[in-house]
Amino acid sequence: MNFGRVVTAMVTPFNEQNQIDENATKALIEHLIANGTDALVVGGTTGESPTLSTDEKIKLYQLVVDTVKHRIPVIAGTGTNSTHMSIELTKKAEQIGVDAIMLVTPYYNKPSQQGLYEHFKAIALETSLPVMLYNIPGRSSVNLSIETTIQLAQIPNIVATKEASGDLDAMAAIISQTPEDFYLYSGDDSLTLPILSIGGNGIVSVCSHILGKELQEMIAHFENGQVKEAATLHRHLLPTMKALFMAPNPAPVKSALTYYGVSTGSVRLPLLPLTEQEEAQLKNYLAPFLNYFVS
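Predicted, not measured: the structure shown is a model, and the values here were computed from it. (Residues numbered from 1 in each chain as written. Predicted model: local features only at pLDDT ≥ 70, side-chain atom pairs only at ≥ 80, totals over all residues. Heavy atoms only, no water.)

1. Remarks on the packing of aromatic side chains
In plain terms, the rule: Stacked, tilted and edge-to-face pairs are distinguished by plane angle, under 30 degrees for stacked and over 60 for edge-to-face with tilted covering the rest, among Phe, Tyr and Trp rings (Trp via its six-membered ring) whose centres lie within 6.5 Å. Geometrically, a lysine NZ or arginine CZ counts as sitting over a ring once it is within 6 Å of the ring centre and also within 35 degrees of the ring normal.
What the rule picks out here adds up to two aromatic pairs. Seen in terms of ring centroids, tyrosine 183 and tyrosine 185 are 6.4 Å apart; in terms of plane orientation they differ by 65°. Their pairing is edge-to-face. Linked through ring pairs, Phe3, Tyr183 and Tyr185 together constitute an aromatic cluster. Lying over the aromatic face of tyrosine 134, lysine 162 brings its terminal NZ or CZ to 4.0 Å of the ring centre.

See the structure below:
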């Protein structure tokens, strides 16, 4: 499956009662599709998956599938640190009609590389859906090694990985030693262009909530051989990419969306919304990209 170049790790909109806001979710999806998103990851890290119950995740998958109506791929974040629970959630997501699943490296229990391989293999064998791996050692405390990723890429429906390790050497090795139809995506917005330059396929992005068109423009420049133009735009976007992580994700990007008139509510505890000072700093970083502000 081709997930495109810009995959948005979608925030989960909440209402004033801190429940999933269906209307806001629908509006957010339309905003993202109109502004450069090629595919959606639902119920991932940016979607505050640790705070979502299983019932809420299923409700969210259904809502997104019903709203998207096959216009772009919907990738459900079904990975947990329990293989059995991940299989059960994956089966429910497949029944709902998602297009693929994303499986994060198991967090907290720190499995061995063989344990990681068996975990991902067990889930992949229980579904016909394409699988995107998600390596994020900074959050999960375990790194999916080059060798394990290459081994997993031999399983037919494991078709991609989202690499948030920041290790370009490792990513280059993975790209070199996996099949041509195995895709590697950056898990860090600021590494989008460097990863494209070593043969990566795109970005699973947070900043695409507000900079989706700009990311698409940068990627188009690169693919058209306009490397200088791509690099100039990369440097222009970089401060804002960094600003969107001035506080734990997704608090900054949820605030940023309100400046575009897209309300997604606050974050759930233990996360906190931005302070007034942080809000002012974020607006300053976003000013060059905003056609209008919602004051």
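2. Considerations on the UniProt feature "binding site: pyruvate" (unreviewed entry) in the protein chain
The condition is simple: UniProt positions are given in the numbering used here, feature names are shortened, and annotations may be inferred rather than shown by experiment. Strands are runs of DSSP state E lasting at least 2 residues, helices are runs of H or I lasting at least 4, and numbering of each runs from the N terminus. Contact definition: two residues touch when any of their heavy atoms are within 4.5 Å.
Within this structure's numbering, the places UniProt gives as "binding site: pyruvate" (unreviewed entry) are Thr46 and Val204. With the annotated positions falling across 159 residues, the maximum pairwise C-alpha distance of 10.6 Å places them together in a single cluster. With respect to the element layout, threonine 46 can be found in the loop between β2 (39-42) and α2 (54-68). When near neighbours in sequence (up to four residues on either side) are disregarded, threonine 46 contacts Ala9, Met10, Val11, Thr12, Val206, His209, Asn249 and Pro250. Locating valine 204 in the fold gives a position in strand β8 (residues 202-205). Here valine 204 is in contact with Val7, Ala9, Val41, Met102, Met132, Lys162, Tyr185, Ser186 and Gly187, once residues within four sequence places are set aside.

3. Let's talk about the layout of surface pockets
As a reminder of what qualifies: Here the term cavity refers to a set of points on a 1 Å grid, laid over the protein atoms alone, in which a 1.4 Å probe fits but cannot get out; the term pocket refers to an open set having protein on both sides within 12 Å along at least five of seven lines, with lining residues being those that place an atom within 4 Å of a point. Grid points are joined across faces, edges and corners, and a volume is the space filled by probe spheres set on the points. Each residue gets one of three labels, nonpolar for Ala, Val, Leu, Ile, Met, Phe, Trp, Tyr, Cys and Pro, charged for Asp, Glu, Lys and Arg, and polar for the others, Gly among them.
There is about 640 Å³ of room inside the largest pocket. The wall of the largest pocket is formed by 33 residues, among which Thr45, Ser49, Pro50, Gly79 and Tyr107 lie closest to the centre. For the lining of the largest pocket, the secondary-structure elements that each account for two or more residues are α2, α3 (83-96), β4 (100-104) and α5 (137-140). A per-element tally of the lining of the largest pocket places α3 first, with four residues. Here the lining of the largest pocket is composed, by residue class, of 14 nonpolar, 13 polar and six charged.

4. Focus on the UniProt feature "site: Part of a proton relay during catalysis" (unreviewed entry) in the protein chain
To keep things clear, this is the line we draw: Exposure classes here rest on a 1.4 Å probe applied to the protein chains alone. A residue is buried below 20% of its type maximum, exposed above 50%, and partly exposed in between.
As annotated in UniProt, the feature "site: Part of a proton relay during catalysis" (unreviewed entry) corresponds to Thr45 and Tyr108 in the numbering used here. Checking the annotated residues one by one, the ones that line the largest pocket turn out to be Thr45 and Tyr108. Residue position: threonine 45 is located in the loop between β2 and α2. When near neighbours in sequence (up to four residues on either side) are disregarded, threonine 45 contacts Tyr134 and Arg139. With respect to the secondary-structure elements, tyrosine 108 resides in the loop between β4 and α4 (113-124). Looking at tyrosine 108, the relative accessible area reads 74%, which means it is exposed. When sequence neighbours within four positions are dropped, the list of residues in contact with tyrosine 108 reads Asn81, Ser140 and Ser141.

5. Some details on the pairing of β4
Stated formally: Handedness rule for crossovers: strands pointing away from the viewer, path from the first strand over the helix to the second running clockwise, crossover right-handed. If DSSP finds at least two bridges between two strands, the strands pair.
Where burial is concerned, most of β4 is hidden: five out of the five residues are buried. The side-chain alternation of β4 yields two buried faces, one formed by Ala100, Met102 and Val104 and the other by Ile101 and Leu103. Between the parallel elements strand β3 (residues 74-77) and β4, the chain passes through α3 in a crossover that is right-handed. Pairing geometry for β4 and strand β5 (residues 131-135), over four bridges, is parallel. Bridge pairing in β5 places leucine 103 opposite leucine 133.

6. Section: empty space enclosed by the protein
Scanning all chains against the criterion turns up one cavity of 30 Å³ or more. Put simply, the largest cavity is a space of about 40 Å³. Val65, Val68, Lys69, His70, Ile72, Val74, Gly97 and Asp99 together form the lining of the largest cavity. Within the lining of the largest cavity, the residues separate by chemical class into four nonpolar, two polar and two charged.

7. What to know about α3
Going by this rule: Multiplying 1.5 Å by the residue count of a helix minus one yields the expected span of that helix.
Between its terminal C-alpha atoms α3 stretches 20 Å, which fits the 20 Å expected from 14 residues at 1.5 Å a residue. All of the buried residues along α3 are Ser86, Ile87, Leu89, Thr90, Ala93 and Ile96. Summarising the contacts, the buried residues of α3 are in contact with α2, β3, β4 and α4. Phi turns positive, to about 110°, at glycine 97, one or two residues after α3.

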